[in-house]
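For reference, the chains in residue letters:
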Amino acid sequence: MIPYRRILRKLGLFLLTLPVLAFIFFPILWLFTASLSTQVELFAIPPHWLPQHPTFQNYLDIFFPSQAASTVPRTFAIALLNSIKIASAVTLICILIGSLAAYALVRIPFRFNRAIQIGILGSRMIPEVSLILPLFIVASTLQLINKPIVLIIAYMSFALPYAIWMMAAFFQTVPVELEDAARIDGCNRLGILRWIVMPVAVPGLISTAMFTFLLAWDEFFYALIFTSTLAAKTAPVAIAEFIGRYAVNITGMMAGGVLAALPPVILGLIFQRYVVSGMTAGAVKG
Amino acid sequence: MAASTSPLRKRHLSLRQQDARIAWMLVLPSLVVILGVTLWPILYTFALSFYHAPTGINQVRTFVGFGNYLTVIRDRTFWETIGRTMYFTVVSVGLELMLGLGIAQLIHSKPWGWRFLRLSLIIPWAVPTIVNGAMWRWIYSADFGALNGLLMQLGLIKHYVPWLSLPNAAMNLIILADVWHMMPFVALILQSALATLPEELEEAAAVDGANALQRFWSIRLPMLRPAILIALIVRTVDAFRVFDIAYIITNGGPAFRTVTITYLTYFNAFAYGKQGIGAALSFLISVFSITMAVIFIRFLYRPEETQ
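Residues numbered from 1 in each chain as written. Chains lettered and ligands numbered in written order. Predicted model: local features only at pLDDT ≥ 70, side-chain atom pairs only at ≥ 80, totals over all residues.

S.K.: Quick one: what's the story with the overall build of chain A, residue by residue and with numbers?
M.R.: Looking only at helices and strands, chain A has 14 helices and zero strands in total. In terms of overall size, chain A is more extended than a compact globule, its C-alpha atoms giving a radius of gyration of 24 Å where 286 residues would be expected to give roughly 19 Å. For the C-alpha atoms alone, the extent of chain A along its principal axes is close to 80 × 75 × 30 Å. For chain A, the residues scored as buried account for 49% of the 286 residues in total. (Helix = DSSP H or I, 4+ residues; strand = E, 2+ residues; numbered from the N terminus. Rg over C-alpha atoms; globule rule 2.2 N^0.38 Å. Buried ≥ 20, exposed ≤ 12 C-beta atoms within 10 Å, placed from the backbone.)

S.K.: Provide a residue-level description of the domain arrangement of chain A, including the pertinent values.
M.R.: Residues and elements named next belong to chain A. The domain architecture assigned to chain A consists of domain 1 (1-55) and domain 2 (68-282). On a C-alpha basis, the centres of domain 1 and domain 2 stand 33 Å from each other. Every contact between the two is made by eight residues of domain 1 and, on the other side, seven residues of domain 2. Broken down by secondary-structure element, the contributors of at least two residues to the side of domain 1 that touches domain 2 are helix 1 (2-35) and helix 2 (39-42). (Domains from an automatic or database assignment. Contact = placed C-beta atoms within 7 Å.)

S.K.: Please set out unusual backbone geometry residue by residue, giving values where relevant.
M.R.: Residues and elements named next belong to chain B. With an omega of -10°, the peptide bond running from Gly253 to Pro254 counts as cis. Relative to the helices and strands, Pro254 resides in the loop between helix 10 (244-249) and helix 11 (261-271). The phi dihedral of Ala255 is positive, around 50°, even though this residue is not glycine. Residue placement: Ala255 occurs in the loop between helix 10 and helix 11. For Phe256, which is not a glycine, the phi torsion comes out positive at approximately 65°. Take Phe256: it is sitting in the loop between helix 10 and helix 11. Residue Phe256 is classed as partly exposed on the basis of its 16 C-beta neighbours within 10 Å.

S.K.: Which residues make up the nonpolar core, and what are the values?
M.R.: With 174 residues, the main nonpolar core has Leu151, Tyr155, Ala159 and Ile239 of chain A together with Ile189 and Leu190 of chain B as its most contacted residues. Examining the composition of this core, we find that 20 residues originate from one element, helix 7 (residues 148-171) of chain A, more than from any other. For Ile239 of chain A, the residues in contact, after removing those within four places along its chain, are Met253, Gly256, Gly257 and Ala260 of chain A together with Ile130, Val131 and Ala134 of chain B. (Core = buried A, V, L, I, M, F, W, Y, C linked by C-beta atoms within 7 Å.)

S.K.: Explain the interface of chain B and chain A to me, using residue names and the numbers behind them.
M.R.: Listed as interface residues are 83 residues of chain B and, on the opposing side, 76 residues of chain A. Ranked by the residues each element gives to the side of chain B that touches chain A, the list is headed by helix 1 (residues 7-48) of chain B, at 19 residues.

S.K.: Summarise the domain arrangement of chain B; cite the residues concerned and give the values.
M.R.: All names here are of chain B. Each assigned domain of chain B is listed with its residue range as follows: domain 1 (2-48) and domain 2 (76-305). Each of domain 1 and domain 2 has a C-alpha centre, and these two points are 39 Å apart. Taken together, the contact pairs four residues of domain 1 with six residues of domain 2. Of the residues that constitute the side of domain 1 that touches domain 2, the class distribution is three nonpolar, one polar and no charged. (Nonpolar A, V, L, I, M, F, W, Y, C, P; charged D, E, K, R; others polar.)

S.K.: Give a detailed account of helix 12 (residues 235-243) of chain A, specifying residues and quantitative values.
M.R.: For helix 12 of chain A, a buried count of eight out of nine residues is recorded, marking the element as mostly surrounded by other parts of the structure. Taken together, the buried positions of helix 12 of chain A are occupied by Ala235, Pro236, Val237, Ala238, Ile239, Ala240, Phe242 and Ile243 of chain A. Where helix 12 of chain A is buried, its residues contact helix 4 (71-107), helix 11 (221-226) and helix 13 (250-270) of chain A together with helix 5 (129-139) and helix 10 of chain B.

S.K.: Before we move on, could you go through the confidence of the model for chain B and cite the residues and values that matter?
M.R.: All names here are of chain B. Averaged over every residue, the pLDDT of chain B is 88; the share at 70 or more is 92%. In the model, residues 1-5 has pLDDT below 50 throughout and makes one contact with residues more than four positions away in sequence or in other chains. The complex model carries a pTM of 0.91, and its ipTM stands at 0.92. (pLDDT = per-residue confidence, 0-100.)

S.K.: Explain the packing of helix 4 of chain A against helix 13 of chain A residue by residue, including any values.
M.R.: Residue and element names in this part refer to chain A. Axis separation between helix 4 and helix 13 bottoms out at 9 Å; the angle between their running directions is 15°. One element, helix 4, and the other, helix 13, form an angle in the roughly parallel class. For the pair helix 4 and helix 13, the crossing hand works out as right-handed. Of helix 13, the residues touching helix 4 (which contributes Val72, Pro73, Phe76 and Leu80) are Gly252, Met253, Gly256, Leu259 and Ala260. Residues that form the contact of helix 4 with helix 13 fall into these classes: seven nonpolar, two polar and no charged. (Axes fitted to C-alpha atoms, helices over the stretch in contact; angles between N-to-C directions. Parallel < 35°, antiparallel > 145°, perpendicular 65-115°, else oblique. Left-handed = near helix turned anticlockwise from the far one by under 90°.)

S.K.: Please provide a residue-by-residue account of the environment of Ser277 of chain A, values included.
M.R.: Relative to the helices and strands, Ser277 of chain A is located in helix 14 (residues 272-282). For the pair Ser277 of chain A and Phe170 of chain A, spaced 107 residues apart in sequence, the C-alpha to C-alpha distance is 9.6 Å.

S.K.: I'd like to hear about the confidence of the model for chain A, residue by residue, with values.
M.R.: Looking at chain A as a whole, its pLDDT mean stands at 88, while 96% of the residues score no less than 70. By mean pLDDT, the top-scoring element of chain A is helix 11 of chain A (95), and the lowest-scoring one is helix 14 of chain A (81).

This is the structure we're talking about:
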């Protein structure tokens, strides 16, 4: 009787996973279908759930934008490149200067250490909208609007506190004994950070880099306000610009959406192991 | 007295001071950046909220004291917007927590394909907010959308429905899109917490005759508390400042029915050219966000509970 009941239970649980999987994959399927369709097929009623004449033309137009292609693919090609540049720069700066700060805050007792920690946690609670006006006023005075540098600087407001907080959580797990041994051997603080802590915390650094990149890649509000020309416009802004216009090349836009979603999705799937540990480390853990 | 300071102690002290100096060197670059892009702007915003400040570089600002705040709280739109934002926050975070907990439980009981399910959850979470919004806007499309197509083929509707133009549906449809995007975050956090729980307690309770529901309610749920709180804090603070997804799916429509508090601030500061009002609003959002976080941390979050 027991194995029979166990199989029934397994089957019941398995059947429960099906609606969850359907909920997850149905929207994605629709997005993919649209990106592989021709404009004509997309407007079919009832909709074609799988394209009958699938085409990669929408993607080809973005990767090899010819003058003949419409503005959508040409804009996307540049916007995706801008996104890559900006998110990479933000990630690099955050890891470089953030890891130094995170180490000092975790391991070296000094005046105001606690105060700085609380300040960093607090600054993560401040919404972007409360910082945008002064940043916008300064950026327009210095004529930095529509330059990638203004986004890189603005993104520091959320990315840097986040990265420091996350790396601090990871550095905390490095055994102090390792450092003490190195100190006795005459290694100084910077040497310890470089040769002892960093190598042990590599998974944490990867996780932090991934999350910082994802945050910067996902950002929309600053990008919407600071960029409008092709010089700095990011992928989310390009999507937002096109979505309201029905005359626009929708299949091309959906292909752009898929391309904008691919880097974070691939990163998330590859570094699956780090996603969950990063989620909790990045949370309000004190 | 001076004699009691042994050479050893003196050396120790100087090492500490040396350490402190190094610490400041390490912290300084980050500190300067953070002060420059968060502390200074928030103070500026606070100051700006006391001025009548029309957009434009040559516009004159005049001091109005609490005038902007009074204008804001006397405006019915403000309270309606707060109400809508609260509705969005409570319903979406509530759904995400319930669904997330359910799915975490499901994965924890290891049905066939649970690894695949766990991996799949990463996809919606990783899809950028704007792509998610564009995707759902397209699903809800009145003329060619998947939702209309699906309901029609199932025979549930006779004509295509302009979903996003229905005043009472729009906000709920945005919530559905947000749940798709963020429920995996909650599910993954809770699932990893479930995996670390000791099983002895529940086994002992089962021996003592506690049924599954009792075991869940009085043993598993209390042990999950820290993880649930992490999810709750992160999601609530995030949901309250929602903007992107409403901007992309409905542009605030129909008839302002999906304008959230951040959206209202955006309108004032960048569309209506009322920077003073925008500053006052955004400062109120900050105060609310920080208060909410502090309340959560103080009253719900006990440090000793987190490992």
